[in-house]
Amino acid sequence: MSTSSVSKGCFVFKPSAKKKKTLSLEDHFIHGCEGADESKTRFKLCQYLWDQIKTDTELLQDELNTKILDSLLDFTRKCSSTRQHSDWASHMRASEIPTAALVLGVNVPDHDMTFQSLSELLRQSVTPHVASVQAKECGALKHLIKRVLESTLCDWYTMNTKKSYSLTPGKKRSSPVKDDLQHPPIVIIFKDLEAFNAKVLQDFILICSRYIERLPLMFIFGIATSPSTIQHMLPHSVSSLLCIELFQSLSCTQHLATVIDKLILTTHFPFKLNGKVLQVLISIFLYHDFSVRNFIKGIQLALLEHFHSQPLSVLCCRKKEALLNVMQLGHQDLERIRQLPSFKRYVEKQEPQEQEHLLTDDTHLKEVCRRLIKDLRKYHKHYYPTLRCLHTLTSSLPRYPLGKQIRELHLICLEKNVWENEEYQSAMKLLKMLAKDELISLLKKCAEILQHSKSKNMKSALLLLEAMLAKFKQLDTVVAEPPPPAEEFITSPVKNLQKKTDLFQLQKALLEMNESRRSKKLSPFEVLRNEALQFIDSLVQSHLSPPESQTLYEVCYYSSSATVRRHLNAAPRTSIQAALNSPFYYLQNDRLKSEDGSVSNAAPDICIVYKLHLECGRLINLFDWLEAFATVVSAAEGNDPDSDSFGKVDDVKHARFIRAVSELEFLGFIKSTKQKTDHVARITWGGC
């Protein structure tokens, strides 16, 4: 009798003591960082400025949305209090739901931050029952109801909002606010109304209207385009169930102007953008998404690239830290300073002996760099107040010769000397035509701008401007001068002309008229006006030179516009075609290397199919395409070209071909056609 034994065992495999090290943000930053000696210091400076930008933008967002959010909170409180005071039926007619139509604009990426702030404020001060829904999560009515009920359950709400006490006779209510908290409203926020299915939205509103007498429901519609969207999506039978009140948020262009004023046109941030980089960010904003959030991300990207690629960015910090970091620079960093284009121009202007010291003596160079860093800070302190003064004077002129927004004037000043611009000369001529009251009003605004500056030069400029304003004020008290004799107006070269005159005499008379006008005595106001405009012109020429004219500007200014454009304004079709044409560039596999633009037979199937389709015309025969694919794949498998099985189509190759063609169709390179059933149409060109 044979016996068999079965042994069961439990085996424990302990993980190795060495755990895989996870890279921190600092490790990612240092990896591949140019100038690794000061990379840790640069990372800390970059992180500090990044956090400062993030904090300031969040505060700015809250300030800009304060008005609209307060209006929405008042609206919800008003609707809630109306129900509490037993006046619900009279104010909200039968089955009428209070609805706030919030028009936020087409800058959809910025909406999430607004709705997040709104939800938090509602939960803190009005009601804990807030549900936010998006169209992508609510494709059907059941999904929409599920999302709402996950946040606010009707039974839970009814049970938990019952009065926990009964009022005894003779006792008064303690506070209306306390009573309001017994029945807080249920707020449902539709973040992207235009994206919702109209039928789903209609059915949901009809269902909610049946419970409005028992549940204090409220809607908030997030609208990106126009309030008329509600009329287009909802028929009258459904929209009549809503009591709609319109709310308009701040426009995205005004939001951008505020962000530029707080983040870019300020001395608080040492990091700066040159004209080309700023133009790229503004162009993406104006021509793509109108998203201020993405604009700020672009600034953060430029900040990260600057500190990662520029070893001298260790000096891009606050003044005291920068002066200390200068003294800690090594010989290699000082050599980098000597190679800067702006520093080379500075050396060329010095005496021969000074040039030798700057190029050979590191200690002397550090002292000079400290002085140049101070000069760069002074330049910014003078630049921004002068820029705002010039914008104040020219932003209201006809046709806006220097731009309507201050960012347009800033871009002009970043590129070249603004006073050499024809538009600047035109603006100065228009300023000479302003009336006395208009000119005095603009000069007073300039004085208010200069009052906020702590620079000595700006304070002295303020004193001169105030003196001119005092002179303008004295003009009103000066006794008017007697008018010139009437003979001066009668004696004119034109009067002396004969009835019949030739062209030479007419030209001579006109020249005499022009000379007489030039020699005409100016009035006291005209003299003072010219003096004021000359003062503004001297201020502009002294302080609005481009940053490239400043030594060591490369330390603070980021100038690689191509990098910013490549990261933020990506071209997906170009990237896809590059990947399909040259898979080695992305996969880094030596077997995929090829010459003359051809694709290796070891490439992925979709690359082979894509390369073969480039050799075809508008219509592609699927059978011929399949045979060509099978031939290339057989060569990749190492089959003998002389064998009968070489290039034959089997089930595996057929399946691989179908999958590759489907992927190509999904990417948008081909499409099916009704002209021929066994053909597909090619819809892209120029990919070779």
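Data block above holds the structure.
Residues numbered from 1 in each chain as written. Predicted model: local features only at pLDDT ≥ 70, side-chain atom pairs only at ≥ 80, totals over all residues. Heavy atoms only, no water.

Enquirer: Looking at this structure, how should I read the overall build of the protein chain?
Expert: Counting its regular elements, the protein chain contains 31 helices and ten strands. Residues counted as buried form 41% of the 688 residues belonging to the protein chain. For the protein chain, restricting intrachain contacts to residue pairs at least 6 apart in sequence, the fraction spanning at least 24 positions comes to 73%. Carbon and sulfur atoms make up 54% of the accessible area of the protein chain, which amounts to about 40800 Å² in all. (Helix = DSSP H or I, 4+ residues; strand = E, 2+ residues; numbered from the N terminus. Buried < 20%, exposed > 50% of the residue type's maximum accessible area, 1.4 Å probe, protein only. Contact = heavy atoms within 4.5 Å. Areas by Shrake-Rupley, 256 points an atom, 1.4 Å probe, with all protein chains shown as cover.)

Enquirer: Hey, could you run me through the nonpolar core in this one?
Expert: The tendency in soluble globular proteins is for nonpolar side chains to be buried as a group. Among the nonpolar cores identified, the biggest contains 107 residues, and I264, L273, F295, F343, V418 and L552 are the most heavily contacted of them. With 13 residues, helix α18 (residues 362-394) is the largest single contributor of residues to this core. What F295 contacts, discounting residues up to four positions off in sequence, is L256, V259, I260, I264, L278, L281 and I282. (Core = buried A, V, L, I, M, F, W, Y, C linked by side-chain atoms within 4.5 Å.)

Enquirer: I would appreciate a short explanation of the packing of helix α5 (residues 141-151) against helix α8 (residues 198-209) in the present structure.
Expert: Any two packed helices are characterised by how steeply their axes cross, that is the angle between the axes, and by the distance between the axes. Close contact between α5 and α8 brings their axes to 9 Å; oriented N to C, the two are set at 50°. Our classification of the angle between α5 and α8 gives oblique. Of the two possible hands of crossing, α5 and α8 adopt the one that is right-handed. Facing L141, L144, I145 and V148 of α5, the residues of α8 in contact are V200, D203, F204 and I207. When its residues are assigned to classes, the contact of α5 with α8 shows seven nonpolar, no polar and one charged. (Axes fitted to C-alpha atoms, helices over the stretch in contact; angles between N-to-C directions. Parallel < 35°, antiparallel > 145°, perpendicular 65-115°, else oblique. Left-handed = near helix turned anticlockwise from the far one by under 90°. Nonpolar A, V, L, I, M, F, W, Y, C, P; charged D, E, K, R; others polar.)

Enquirer: Looking at this structure, how should I read the sheet that holds strand β10 (residues 679-682)?
Expert: Strand pairing in a sheet relies on backbone hydrogen bonds, with the paired strands running either antiparallel or parallel. Pairing in this open sheet of three strands is antiparallel, and the strands run β8-β10-β9 from one edge to the other. With one partner strand each, in any of the chains shown, β8 (619-621) and β9 (670-672) form the two edges of the open sheet. On average, each strand axis in the sheet is inclined to that of its neighbour by 40°, with strand direction left out of account. The pairing of β9 with β10 spans three bridges and is classified as antiparallel. The partner of K671 across the bridge, within β10, is A681. (Pairing = 2+ DSSP bridges.)

Enquirer: Would you mind showing me how to read the pairing of strand β3 (residues 186-190) here?
Expert: Two faces belong to every sheet, and in a regular strand the side chains alternate between them. Where burial is concerned, most of β3 is hidden: five out of the five residues are buried. What you see with β3 is no split at all: I186, I188 and F190 on one side and V187 and I189 on the other are buried throughout. In terms of strand pairing, β3 meets strand β4 (residues 217-223) through five bridges, oriented parallel. Residue pairing for β4: F190 is matched across the bridge by F221.

Enquirer: Could you clarify how one ought to interpret the layout of surface pockets in this entry?
Expert: One simple way to see leftover space: roll a probe sized like a water molecule over the atoms. A volume near 950 Å³ is recorded for the largest pocket. The wall of the largest pocket is formed by 29 residues, among which L265, T266, T267, H268 and F269 lie closest to the centre. Contributions of two or more residues to the lining of the largest pocket are made by α2 (39-84), α11 (252-263) and α18. Residue contributions to the lining of the largest pocket peak at six residues, all from α18. (1 Å grid on protein atoms, 1.4 Å probe; cavity = no way out; pocket = protein on both sides within 12 Å on 5 of 7 lines; lining within 4 Å. Points joined across faces, edges and corners; volume = space filled by probe spheres on them.)

The quantities given are spatial measurements derived from coordinates; they are silent on function.
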